[in-house]
Amino acid sequence: MDTPQIVEHLSKSLNFTPFNALWVPSSARIVVVGENARGTGCCVTYHLNRELEEISKFETKHSIKCATFAASLYEDRHLATGDYSGQLNIWDLETKKAVYSVQAHDQIINCIDGCGGLNIGKGSPEIVTGSRDGCVRVFDPRQLEPVTCLEPAKGQSARDCWTVCFGNSFNDEERCICAGYDNGDVKLLDLRTNKIIWSTNTANGVVSVQFDRKDIEKNKLLVTTLESKFHVYDTRTLHPEAGFAQLSQNAHKSTIWLGRHLPQNRDIFATLGGNGTLNLWKYCYPMQRSIKDELGHKLGVVGTLESLGEQTFSDQPIVSFDWNVDKLGLCVMAALDQ
């Protein structure tokens, strides 16, 4: 394929620290959440019209660390957020009021993801959160108690959960979550059986996990880490000894804060670095995705990666990135340089 150009259309300076910037579904609007200088939370909506015009803003008691629309109905476009106090809120951006609120964790919510909303994934809408308290919890917005919890075993020290994502939601019964931790652990939990079906350790803190699509049988899992390395796992074939086939790639010469698949083509993804760079990649499948080992077990075969380009956008880490699902190749990102 031709190497794509990476062109910056607009940039905007902010008077707060942004932690998440997201496209408001089916609109030309962007919502940005983060932290004000005085330690309160900030949620600002912008309209994209040649420039980014601020159209709405509200402040919260605690800084907002993470956000998602992915458990919302299209007609509602409610924003779920996790804050520094461990509170999970769902906001109506029109009224600026919380329509759901629960104390999800004892400490900061580092990460959040949704499924079942926006016509993405089968089954009921759910939200997953990960926290510094070491717990991963799944919530159904129709009730206050968590649906399921992934917590440290009794007597085991809590590891900081830095990233979570949904996957495998291709029918009304199947769904899984993946969680990554500060010690390099990656855990895959089957929500139907409520059991961990796979775990590994990347030897570096895991800062981002994402399946290439939520609404298909689990396929490829992208994992990015603190020390200039990301991993792609083919999760279609789980070998009893070798686990999933995987490849590793060095990039950015810094922490790889995020990896995000292009919605219109799940084999293309972006990685975002602590040095302010965006890299584009294409995953190329092997001729055979699995072979039989000497005992007759299926063993996954990993593909290869093709670099599609690199661009520097900041001298600070890019900590948020969101593809537009309606406009191919359009994205929004936020960096710690404000």
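Keep in mind it's a predicted model, so treat the numbers as computed, not measured. In every chain, residue numbers begin from 1 and rise along the written sequence. In keeping with the predicted nature of the model, local features appear solely for residues at pLDDT of at least 70, side-chain atom pairs appear and are counted solely at 80 or more, and the whole-chain, interface and lining totals rest on all residues. In computing side-chain values, all of the structure's heavy atoms are included and hydrogens and water are not.

Peer 1: Mind showing me how you'd approach the pattern of salt bridges here?
Peer 2: Opposite charge on two side chains allows them to pair when their charged atoms are near. Within this document, salt bridges are pairs made up of a side-chain nitrogen of Lys or Arg and a carboxyl oxygen of Asp or Glu, the two lying within 4 Å of each other. All told, the structure shown has 14 salt bridges when counted by the stated rule. Between Glu94 and Arg29 there is a salt bridge, and its shortest N-O distance comes to 3.5 Å. Remark: Arg29 occurs in strand S2 (residues 29–35) and Glu94 occurs in the loop between strand S7 (87–92) and strand S8 (97–103); sequence separation between them is 65 residues. The buried label applies to any residue whose accessible area, calculated with a 1.4 Å probe on protein chains only, is under 20% of its type's maximum; exposed applies above 50%, and partly exposed to all values in between. The buried category is assigned to Arg29, whose relative accessible area is 19%. One salt bridge in this structure joins Glu59 and Arg38, with 2.9 Å as the shortest N-O distance. Secondary structure elements follow DSSP: runs of H or I of four or more residues count as helices, runs of E of two or more count as strands, with numbering from the N terminus.

Peer 1: What am I meant to see in the environment of Lys229 here?
Peer 2: As for its placement among the helices and strands, Lys229 is situated in strand S19 (residues 229–239). In this structure Lys229 comes out as partly exposed when scored by relative accessible area, which is 30%. Distance from Lys229 to Thr202, taken between C-alpha atoms, is 9.4 Å for residues 27 residues apart in sequence. Contacts are assigned to residue pairs that have any heavy atoms within 4.5 Å of one another. Setting aside anything within four residues of it in sequence, one finds Lys229 in contact with Thr224, Ser248, Gln249, Asn250 and Ile256.

Peer 1: It is not clear to me how the sheet that holds S7 should be interpreted in this structure. Could you clarify?
Peer 2: Paired through backbone hydrogen bonds, the strands of a sheet run either parallel or antiparallel to each other. Within the open sheet, the four strands sit side by side as S5-S6-S7-S8. Their pairing is antiparallel. The sheet terminates laterally at strand S5 (64–68) and S8, the two strands that pair on one side only. In this sheet, adjacent strand axes meet at a mean angle of 25° when their direction is disregarded. Relative to S7, strand S6 (residues 79–83) runs antiparallel, the two being bridged by four bridges. Bridge pairing in S7 links Leu79 to Trp91. The rule for pairing is simple: two strands pair if DSSP sees at least two bridges between them. Between N-to-C directions, angles span 0 to 180 degrees; the directions come from axes that are lines fitted to C-alpha atoms, helices contributing only their stretch in contact.

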